[in-house]
Amino acid sequence: ATFWERSLSVKYLSAGYLSSLNYSKTLSEIPNAVLLSSVLTTSYIEQVKLHKESHDAFSIYTARTLNFIIKAGFLFQILMLTFAPVIIILVYRRGKFDNNAVITALTIFNILTISFLPKLIMSYLNRTMYILGEYRRLLRGVIMKFFVQMGIMVSLIGVFKHAIPAAIAISFLFISILFYYYVGRSIKLPHPGKFI
């Protein structure tokens, strides 16, 4: 997917677009890394322990933790969208960049921020699938995500300037829903309407 992002950016978009994309991706992944390293690592250890002891306790804990991750992730996502201009201007303005570069980075950052919560959910459900031994479905989901992302990028790059970050956001949304469906077949999760 990264290969396609870079190739299409260089071929179809302006010279500075790829650097704005890389910069925005890095910035948007920092809060995700903070939550992944704390909440998800702790919950993974507890999930492994409960999975060995009781399927019902594992199911209840997984659903409750997913509910917490959705609420906390949504709050983080709203905060990131609200403070996006401040984040981009304070950090991005350190180099020699013009206003167009800053606006492009801000737009990309906002699009990628929409994928923050789906990426968080995907990571949590991904780890849950490891515990459940759903390796084939996990691989199938990742391959499908790649094709969704690549398909959107290739088909929209000539029509929509920000097709690449949109494809990244949509592919994470797609895989989070797919993994929700996969995990929901093994354990009871929150109602799909509430999840969406």
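Residues numbered from 1 in each chain as written. Predicted model: local features only at pLDDT ≥ 70, side-chain atom pairs only at ≥ 80, totals over all residues. Heavy atoms only, no water.

Participant: With reference to specific residues and values, describe the overall build of the protein.
Facilitator: Per the secondary structure count, the protein includes 9 helices and 0 strands. The C-alpha radius of gyration of the protein comes to 18 Å, within 12% of the 16 Å expected for a compact globule of 196 residues. Across its three principal axes, the protein shows a C-alpha extent of roughly 60 × 35 × 25 Å. Residue pairs in contact within the protein that sit at least 24 positions apart in sequence constitute 75% of those at least 6 positions apart. Summed over all atoms, the accessible surface of the protein reaches about 10,500 Å², with 67% contributed by carbon and sulfur. For the protein, the distance from the average position of its 20 positive side-chain charges to the average position of its 7 negative side-chain charges is 6 Å. (Helix = DSSP H or I, 4+ residues; strand = E, 2+ residues; numbered from the N terminus. Rg over C-alpha atoms; globule rule 2.2 N^0.38 Å. Contact = heavy atoms within 4.5 Å. Areas by Shrake-Rupley, 256 points an atom, 1.4 Å probe, with all protein chains shown as cover. Lys, Arg positive; Asp, Glu negative; His and termini not counted. Charge placed at Lys NZ, Arg CZ, Asp CG, Glu CD.)

Participant: Any details on the packing of aromatic side chains? Residues and values, ideally.
Facilitator: Inspection of the entire model under this criterion finds 5 aromatic pairs. Joined through ring pairs, the aromatic side chains of Phe179, Tyr181 and Tyr182 make up one cluster. Between Lys145 and the ring centre of Phe172, over which it is positioned, the NZ or CZ distance is 4.3 Å. (Phe/Tyr/Trp six-rings, centres within 6.5 Å; stacked < 30°, edge-to-face > 60°. Lys NZ or Arg CZ within 6 Å of the ring centre and 35° of its normal.)

Participant: Residues and numbers for the packing of helix α5 (residues 99-113) against helix α8 (residues 163-184), please.
Facilitator: Remark: α5 packs on α8, axes separated minimally by 8 Å, with the N-to-C direction vectors making an angle of 15°. Our classification of the angle between α5 and α8 gives roughly parallel. In this structure, the crossing between α5 and α8 has a hand that is right-handed. Seen from α5, the contacting residues are Ile108, Ile111 and Leu112; seen from α8, they are Pro165, Ala166, Ile168 and Ala169. Classifying every residue of the contact of α5 with α8 gives 7 nonpolar, no polar and no charged. (Axes fitted to C-alpha atoms, helices over the stretch in contact; angles between N-to-C directions. Parallel < 35°, antiparallel > 145°, perpendicular 65-115°, else oblique. Left-handed = near helix turned anticlockwise from the far one by under 90°. Nonpolar A, V, L, I, M, F, W, Y, C, P; charged D, E, K, R; others polar.)

Participant: Give me the lowdown on helix α6 (residues 116-132), citing residues and values where you can.
Facilitator: In this model, α6 (17 residues) spans 24 Å end to end at C-alpha, consistent with the 24 Å of a helix rising 1.5 Å per residue. In terms of burial, α6 is largely enclosed, as 15 of its 17 residues are buried. Gly133 lies just past α6 and shows a positive phi near 75°. (Expected span 1.5 Å × (residues − 1). Buried < 20%, exposed > 50% of the residue type's maximum accessible area, 1.4 Å probe, protein only.)

Participant: Summarise the nonpolar core; cite the residues concerned and give the values.
Facilitator: Leu66, Ile121, Leu125, Phe179, Val183 and Leu189 are the most contacted members of the largest nonpolar core, which has 49 residues in total. Elements with a contribution of two residues or more to this core: α2 (17-53), α3 (55-82), α4 (84-92), α5, α6, α7 (135-156) and α8. Ranked by residue count, the leading element in this core is α8, at 11 residues. Sequence-distant contacts of Val183, that is, excluding residues within four places in its chain, are made with Leu125, Thr128, Met129, Leu132 and Leu189. (Core = buried A, V, L, I, M, F, W, Y, C linked by side-chain atoms within 4.5 Å.)

Participant: Give a detailed account of α5, specifying residues and quantitative values.
Facilitator: For α5, spanning 15 residues, the distance from its first C-alpha to its last is 21 Å, which sits close to the expected 21 Å at 1.5 Å a residue. Within α5, burial applies to Ala101, Val102, Thr104, Ala105, Ile108, Phe109, Ile111, Leu112 and Thr113.

Participant: I'd like a rundown of the environment of Tyr181, residues and numbers included.
Facilitator: Along the chain, Tyr181 turns up in helix α8. Taking the C-alpha atoms as reference, Tyr181 lies 39 Å from Gly16; in sequence the two are 165 residues apart.

Participant: Please set out the packing of α3 against α5 residue by residue, giving values where relevant.
Facilitator: With their axes 10 Å apart at the nearest point, α3 and α5 run at an angle of 170° to one another. Relative to α5, the element α3 lies roughly antiparallel. Contacts from Gln77, Met80 and Leu81 of α3 reach α5 at Phe109, Asn110 and Thr113. Looking at side-chain class alone, the contact of α3 with α5 contains 3 nonpolar, 3 polar and no charged residues.

Participant: Could you give an account of the side chain of Lys145, naming the residues involved and the relevant values?
Facilitator: Tracing the backbone through its elements, the reader meets Lys145 in helix α7. Excluding anything up to four places from it in sequence, Lys145 contacts Ser171, Phe172, Phe174 and Ile175.

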